[in-house]
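One letter stands for each residue in the lines below.
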Amino acid sequence: MISLKAHNILDYVGGAFLLFVPAIIGISEIDAARNIFIFAGLALIGYSLLTNYEYALWRIIPLGVHMSLDVLTGVVVMLAPWVFGYRDLLSAGQEIAHYLLALGVFGLVAFTRPKSETEIETTARTYPGATYDSRNRRAG
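The paragraphs below set out a description of the structure included in this document. This structure is a prediction, so every number in the text was calculated from the model and none was measured. (Residues numbered from 1 in each chain as written. Predicted model: local features only at pLDDT ≥ 70, side-chain atom pairs only at ≥ 80, totals over all residues. Heavy atoms only, no water.)

## Focus on the pattern of salt bridges
Okay, so step 1: For the structure shown, the criterion picks out three salt bridges.
Okay, so step 2: Residue Arg-34 is joined to Asp-31 by a salt bridge in which the shortest nitrogen-to-oxygen separation is 2.9 Å. Separated by three residues within a single helix, Arg-34 and Asp-31 lie in helix α2 (residues 31-49), roughly one turn from each other.
Okay, so step 3: When its relative accessible area of 46% is taken as the criterion, Asp-31 is described as partly exposed.
Okay, so step 4: Here Arg-87 ties to Glu-95 by a salt bridge, and the two come within 2.9 Å at their closest N and O atoms.
Okay, so step 5: For Arg-87, a relative accessible area of 35% corresponds to the partly exposed category.
Okay, so step 6: You can call Glu-95 buried: its relative accessible area is 12%. (Salt bridge = Lys/Arg side-chain N within 4 Å of Asp/Glu carboxyl O. Helix = DSSP H or I, 4+ residues; strand = E, 2+ residues; numbered from the N terminus. Buried < 20%, exposed > 50% of the residue type's maximum accessible area, 1.4 Å probe, protein only.)

Below is the structure:
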């Protein structure tokens, strides 16, 4: 499992990385592709700065909303070549890069512990007999 703190850091790293993806995979000349990645990177950094977790400037967005936005970002990256009409301009490797980046986002969401260690400890003190499943949800 990935800690919420690590997810938080990876959001900023991932957002910055998305800004450079067009140059890295060689799609900078495709305006729609470049713009999608720039928008996705800036959006990820933006909503991370507003999420209720450790390294945010303003803790406005609940974690569940943040995770939903992560999934939406992955969906946009995955479907962008079709939706924005540039699939025919991509090589097979560039197309696969879209899928791999989206799958990476989905994996980050799927494997992130939804609670911080402090929240888990607080809940354990509040409910001494409680047990937790692998996603740290109160099981009983």
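Next comes the rest of the write-up.
## Looking at the packing of helix α1 (residues 4-25) against α2
Okay, so step 1: With their axes 7 Å apart at the nearest point, α1 and α2 run at an angle of 165° to one another. When the axis of α1 is compared with that of α2, the two are roughly antiparallel. Crossing of α1 against α2: the hand is left-handed. The residues of α2 that touch α1, namely those facing Asp-11, Tyr-12, Gly-14, Gly-15, Ala-16, Leu-18, Leu-19, Val-21 and Pro-22, are Arg-34, Phe-37, Ile-38, Ala-40, Gly-41, Leu-42, Leu-44, Ile-45, Ser-48 and Leu-49.
Okay, so step 2: Partitioned by chemical class, the residues of the contact of α1 with α2 number 13 nonpolar, four polar and two charged. (Axes fitted to C-alpha atoms, helices over the stretch in contact; angles between N-to-C directions. Parallel < 35°, antiparallel > 145°, perpendicular 65-115°, else oblique. Left-handed = near helix turned anticlockwise from the far one by under 90°. Contact = heavy atoms within 4.5 Å. Nonpolar A, V, L, I, M, F, W, Y, C, P; charged D, E, K, R; others polar.)

## Some thoughts on helix α3 (residues 63-83)
Okay, so step 1: Taking 1.5 Å of rise per residue, the 21 residues of α3 would be expected to cover 30 Å, and the 28 Å separating its terminal C-alpha atoms lies within 8% of that figure.
Okay, so step 2: Along α3, the sharpest kink reaches roughly 35°, centred on Val-77 and followed within four residues by the proline Pro-81.
Okay, so step 3: Every buried residue belonging to α3 is among Leu-63, His-66, Met-67, Asp-70, Thr-73, Gly-74, Val-77, Ala-80 and Pro-81, and all of these are buried.
Okay, so step 4: Downstream of α3 by a residue or two, Gly-85 has a phi angle that is positive, lying close to 70°. (Expected span 1.5 Å × (residues − 1). Bend = angle between axes of the 7 residues up to and from the residue.)

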